[in-house]
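Overview (structure and organization)
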Amino acid sequence: MEPNQDPNTTKLAAKAAEVKQQFKEKAIQAKAKELDLSYVNLLTMPLNPDIVGVIPKEEAEAARVAPFFLSGKKLRIAVIEPDEKVQALVEKLR
């Protein structure tokens, strides 16, 4: 906090950011449901760093995906937007 900043203003700004994030998450959940996809909040899920290497970094960045769960031959990935790049990557991984 800056020396002359009101603590109540800081708390209010933090609460506003929290509420904004909650609205954003609700919109993402609704879009996932609309697309018949599961919603996962990666901020609340422990990630296994060993899984990250399953998809080459360049490909994951290009498709904007992140692998977050692997069990046997089943891989779950988080996507920002399920588009053609994601579909191509999924087909390649099959």
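Residues numbered from 1 in each chain as written. Predicted model: local features only at pLDDT ≥ 70, side-chain atom pairs only at ≥ 80, totals over all residues. Heavy atoms only, no water.

1. Looking at the overall build of the protein chain
From N to C terminus, the protein chain includes three helices and two strands. Each helix and strand of the protein chain, ordered N terminal to C terminal, gives the series α-α-β-β-α. Relative to its length of 94 residues, the protein chain is extended, with a C-alpha radius of gyration of 18 Å against a globular reference of 12 Å. A principal-axis box enclosing the C-alpha atoms of the protein chain has dimensions of 55 × 30 × 25 Å. For the protein chain, with 94 residues in total, the buried portion stands at 13%. Total accessible area on the protein chain is roughly 8000 Å²; 57% of this is exposed by carbon and sulfur atoms. (Helix = DSSP H or I, 4+ residues; strand = E, 2+ residues; numbered from the N terminus. Rg over C-alpha atoms; globule rule 2.2 N^0.38 Å. Buried < 20%, exposed > 50% of the residue type's maximum accessible area, 1.4 Å probe, protein only. Areas by Shrake-Rupley, 256 points an atom, 1.4 Å probe, with all protein chains shown as cover.)

2. Quick look at the nonpolar core
Formed by Ile55, Ala60, Ala63, Val65, Val86 and Leu89, the largest nonpolar core amounts to six residues. Elements that contribute at least two residues to this core include exactly helix H2 (57–63) and helix H3 (84–93). If we ignore the near neighbours within four places in the chain, the residues touching Val65 are Ile55, Ala60, Ile77, Ala78, Val79, Val86 and Leu89. (Core = buried A, V, L, I, M, F, W, Y, C linked by side-chain atoms within 4.5 Å. Contact = heavy atoms within 4.5 Å.)

3. Details of helix H1 (residues 7–34)
If you check H1, its first and last C-alpha atoms are 41 Å apart, about what 28 residues at 1.5 Å a residue would give, namely 40 Å. Two residues or fewer after H1 comes Asp36, characterised by a positive phi angle close to 60 degrees. (Expected span 1.5 Å × (residues − 1).)

4. Quick notes on the pairing of strand E1 (residues 65–71)
Here six bridges tie E1 to strand E2 (residues 74–79), and the two strands are oriented antiparallel to one another. Residue Leu70 lies in a different strand from E2, and its bridge partner there is Leu75. A loop of two residues connects E1 with E2, the two strands running antiparallel in sequence, and Gly72 in this loop sits at a positive phi of about 65 degrees. (Pairing = 2+ DSSP bridges.)

5. Things to note about the environment of Gly53
Relative to the helices and strands, Gly53 resides in the loop between H1 and H2. Using a relative accessible area of 64% as the deciding quantity, one classes Gly53 as exposed. Expressed as a C-alpha distance, the spacing of Gly53 and Ala66, which sit 13 residues apart in the sequence, is 9.9 Å.

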